[in-house]
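Inside the fold
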Amino acid sequence: MTKASDVFTLRNNNQVEVSFIARGGQITSIKVPDANGEIADVVIGYDTVEEALAGDTYFGAICGRYANRIVKGQFELNGQQYQLDTNNGPNHLHGGVDGFNLRTWEVEEVDLPQFAQAYKLSLVSPDGDQGYPGELTTIVTYGLTEDNELVIEYDAVSDKDTIINLTSHAYFNLDGAGIGTIANHQLTINADKFTPIDGEIGTVTGEIADVKDTAMNFITAKAIGEALNADCPQVKLVDGIDHNFVINGYDGMVRLAARLESPSSGRAMEVYTDQPGVQIYTGSHFDGTETGKQGKPIEKWAGVALETQIFPDSPNKAHFPEATLKAGEYYRHTCVYKFI
Ligand code: GAL
């Protein structure tokens, strides 16, 4: 049996190291070299496992069963109304009060030829868990390749029709956790459209809007700070970016979703996924009161999360991608974080 505090590390031959704990499958560090071989830990978090267990439980965690917000925690499926936990004002966020980020996953090392090292994390969520129908069995594979890709593969199956949207919630800072903010990072998002939100609590309106002429335009690389400081109503609502972007050309195949680069360290990363959306969250609620890595306060905009996903509140928005998982059918989601 795996214990909540058990730590696992993936390594390759290029000095890349990814560590995670069993509780929430939380990725606690990703160490990558820059062009000069200088290693930095590029995810926000804590120095010790004890602090990680006591700290922000979304840091690097697997979020589910439904990542992001479901308005009022309600949805209808097969003519039946379901009420989920509400843990974000009146809404449901990241799977509820006791989401997958708080569960201890069973972890086992697996030998897969495409990876330098890989682990399989499994979890069985009972029928009715947080209000969701069906017993859901989830397997998440963390694999590290010799091309410096952290590949996250999500597989799940339910014994009743249900809804699902799993994601990973690491916050990246390519200069190293604790070193400034991500305002200087250049971001490119492969998205001509995004889903606007309607208030501080961040639920989507259902509109699919053009990024053109808004601060959300990252079609070509732009410093994130330019958007954070823009006089844009969508940015003002959440003091930053906390929005789902509609990945161009979605067809269920793995494609580029976003690219992040720090001009100061020269480190870059690309995000690939077979999902239709990516939530970009600039960590606007961090306020410096929490101590993170190297004993440094976790400041506003200290990191940026790039969460590949189905759109927020899809179960209540008929024109959004399908979030229903039929009994016995397989949910599969691939997310690749490639470090360059
Ligand atoms: C993000 C979400 C933010 C915030 C965060 C968790 O995915 O978009 O609004 O809730 O998770 O702290």
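Scroll up to find the structure.
Residues numbered from 1 in each chain as written. Predicted model: local features only at pLDDT ≥ 70, side-chain atom pairs only at ≥ 80, totals over all residues. Heavy atoms only, no water.

Relative to the helices and strands, Lys326 resides in the loop between strand S26 (324–325) and strand S27 (330–339). Separated by 192 residues in sequence, Lys326 and Gly134 place their C-alpha atoms 9.8 Å apart. (Helix = DSSP H or I, 4+ residues; strand = E, 2+ residues; numbered from the N terminus.)

Next up on the list: the nonpolar core. Core analysis: the largest hydrophobic core is formed by 65 residues, its most contacted members being Ile30, Phe172, Phe245 and Leu306. Of all hydrophobic cores here, the second largest spans 12 residues; its members include Tyr46, Phe59, Tyr281 and Ile298. (Core = buried A, V, L, I, M, F, W, Y, C linked by side-chain atoms within 4.5 Å. Buried < 20%, exposed > 50% of the residue type's maximum accessible area, 1.4 Å probe, protein only.)

Our next topic: the pairing of strand S2 (residues 17–21). Taken across its five residues, S2 has four buried, putting it largely inside the fold. Two successive antiparallel strands, strand S1 (residues 7–11) and S2, enclose a turn made up of five residues, where Gln15 displays a positive phi of approximately 70°. Here S2 folds back onto strand S3 (residues 27–33), and the loop between the two strands holds five residues, one of which, Gly24, carries a positive phi near 70°. (Pairing = 2+ DSSP bridges.)

Moving on: the environment of Ala318. Mapping Ala318 onto the fold places it in the loop between strand S25 (304–309) and S26. Taking the C-alpha atoms as reference points, Ala318 and Gly206, separated by 112 residues in sequence, lie 9.3 Å from one another.

Looking now at the site of the ligand. Close contacts around the ligand come from Tyr58, Arg69, Leu93, His94, His169, Tyr171, Asp242, Gln279, Tyr281, His285 and Glu307, and that covers them all. Take Gln279: an N or O atom from its side chain is 3.3 Å from an oxygen atom of the ligand. Contact distances for the ligand include 2.8 Å between an oxygen atom and a side-chain N or O atom of Glu307. Protein chains bury 92% of the 310 Å² of accessible surface belonging to the ligand in isolation. For the shell around the ligand, the per-class residue count stands at four nonpolar, four polar and three charged. (Near = heavy atom within 4 Å. Polar contact = N/O pair within 3.5 Å; in protein donor to acceptor, adjacent residues only side chain to side chain. Areas by Shrake-Rupley, 256 points an atom, 1.4 Å probe, with all protein chains shown as cover. Nonpolar A, V, L, I, M, F, W, Y, C, P; charged D, E, K, R; others polar.)

In short, the description is geometric, and any link to function would need to be established separately.
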